[in-house]
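Here's the letter readout for the chains.
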Amino acid sequence: MKETRNTKQFETIRSIITNAGRPLSIDEMQKSALEELDSIGLRTVYRAVRRMEEMDEIQSIKVQGRADRYELSSIASSHHHHFHCTACDRLFDIHGCPGGLSDLLPKGFQMDNHDILLTGTCDTC
Ligand SMILES: [Zn+2]
Ligand SMILES: [Zn+2]
């Protein structure tokens with residue numbers, strides 16, 4: 001019985017992450033899950049997230065001073081950036097990349113990767 005409940009909770013979290021259309025925090029996942037389930041604890045959400053990370057289904061995104069967000073590995077694997085709304089604390093995908101960043105490097109430096117986080121307010125804030 002308990003196993004069934006755990007499976008249902010796990011599948012709920014997985015489908016929330018899959019259908020979110022943007023990276024989610026643990027809190028946001030719990031909020032969405034509570035629209036479908038009678039109850040789900042933060043600890044359970046963490047466990048589901050940890051399990052999906054171990055299975056390489058999702059990746060974490062660090063947002064300085066805020067909770068980590070998670071996105072599908074299939075999305076993470078294609079180069080893109082993020083926009084953080086400082087009013088509602090939601091993170092959105094930004095498609096496209098300015099490129100040309102190696103021009104900024106001091107002589108002799110070599111860039112392997114870059115990370116760009118845009119901040120501001122989203123269209124609903
Ligand atoms: Zn916003
Ligand atoms: Zn880029």
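Residues numbered from 1 in each chain as written. Chains lettered and ligands numbered in written order. Predicted model: local features only at pLDDT ≥ 70, side-chain atom pairs only at ≥ 80, totals over all residues. Heavy atoms only, no water.

J.: Sorry, what's going on with the coordination of the zinc ion (ligand 1) here?
T.: Ideal geometry at a metal gives 109.5 degrees between four tetrahedral donors and either 90 or 180 degrees between six octahedral ones. Protein-derived ligands of the zinc ion (ligand 1) are C85 (SG), C88 (SG), C122 (SG) and C125 (SG), with the metal-ligand distances lying across 2.2 to 2.3 Å. Geometry at the zinc ion (ligand 1) is tetrahedral, judged from the four donor atoms that bind it and their angles of 101 to 118 degrees at the metal. For the zinc ion (ligand 1), the donor residues sit on a single chain with the sequence spacing C-x2-C-x33-C-x2-C. (Donors = N, O, S within 2.8 Å, 3.2 Å for Na, K, Ca; no water. Tetrahedral: all angles 85-135°; square planar, octahedral: opposite > 155°, others 65-115°.)

J.: I keep staring at the packing of helix α2 (residues 26-33) against helix α3 (residues 42-54) and nothing clicks. Help me out?
T.: Helix-helix packing is characterised by the crossing angle of the two axes and by the distance between the axes. Contact pair α2 / α3: the axes reach a minimum separation of 10 Å and the direction vectors enclose 110 degrees. Taken together, the axes of α2 and α3 lie roughly perpendicular to each other. For α2 against α3, the interelement crossing comes out right-handed. Along the contact surface, α2 presents I26, D27, M29 and Q30, while α3 presents L42, V45, Y46 and V49. Residues that form the contact of α2 with α3 fall into these classes: six nonpolar, one polar and one charged. (Axes fitted to C-alpha atoms, helices over the stretch in contact; angles between N-to-C directions. Helix = DSSP H or I, 4+ residues; strand = E, 2+ residues; numbered from the N terminus. Parallel < 35°, antiparallel > 145°, perpendicular 65-115°, else oblique. Left-handed = near helix turned anticlockwise from the far one by under 90°. Contact = heavy atoms within 4.5 Å. Nonpolar A, V, L, I, M, F, W, Y, C, P; charged D, E, K, R; others polar.)

J.: Could you clarify how one ought to interpret the pattern of salt bridges in this entry?
T.: Between side chains of opposite charge, a pair can form as their charged atoms come close. Under the defined criterion, the tally for this structure stands at six salt bridges. For R22, the salt bridge goes to E28, with nearest N and O atoms at 3.0 Å. We note that R22, like E28, is buried. One salt bridge connects R69 with D89, and the closest N-O pair in it is separated by 3.0 Å. Of this pair, R69 sits in strand β3 (residues 69-72) while D89 sits in the loop between β4 (81-85) and β5 (91-94), and the two are 20 residues apart along the sequence. Owing to a relative accessible area of 0%, R69 belongs among the buried residues under this scheme. For D89, a relative accessible area of 24% translates into the label partly exposed. (Salt bridge = Lys/Arg side-chain N within 4 Å of Asp/Glu carboxyl O. Buried < 20%, exposed > 50% of the residue type's maximum accessible area, 1.4 Å probe, protein only.)

Read these as layout, nothing more, since geometry by itself doesn't imply function.
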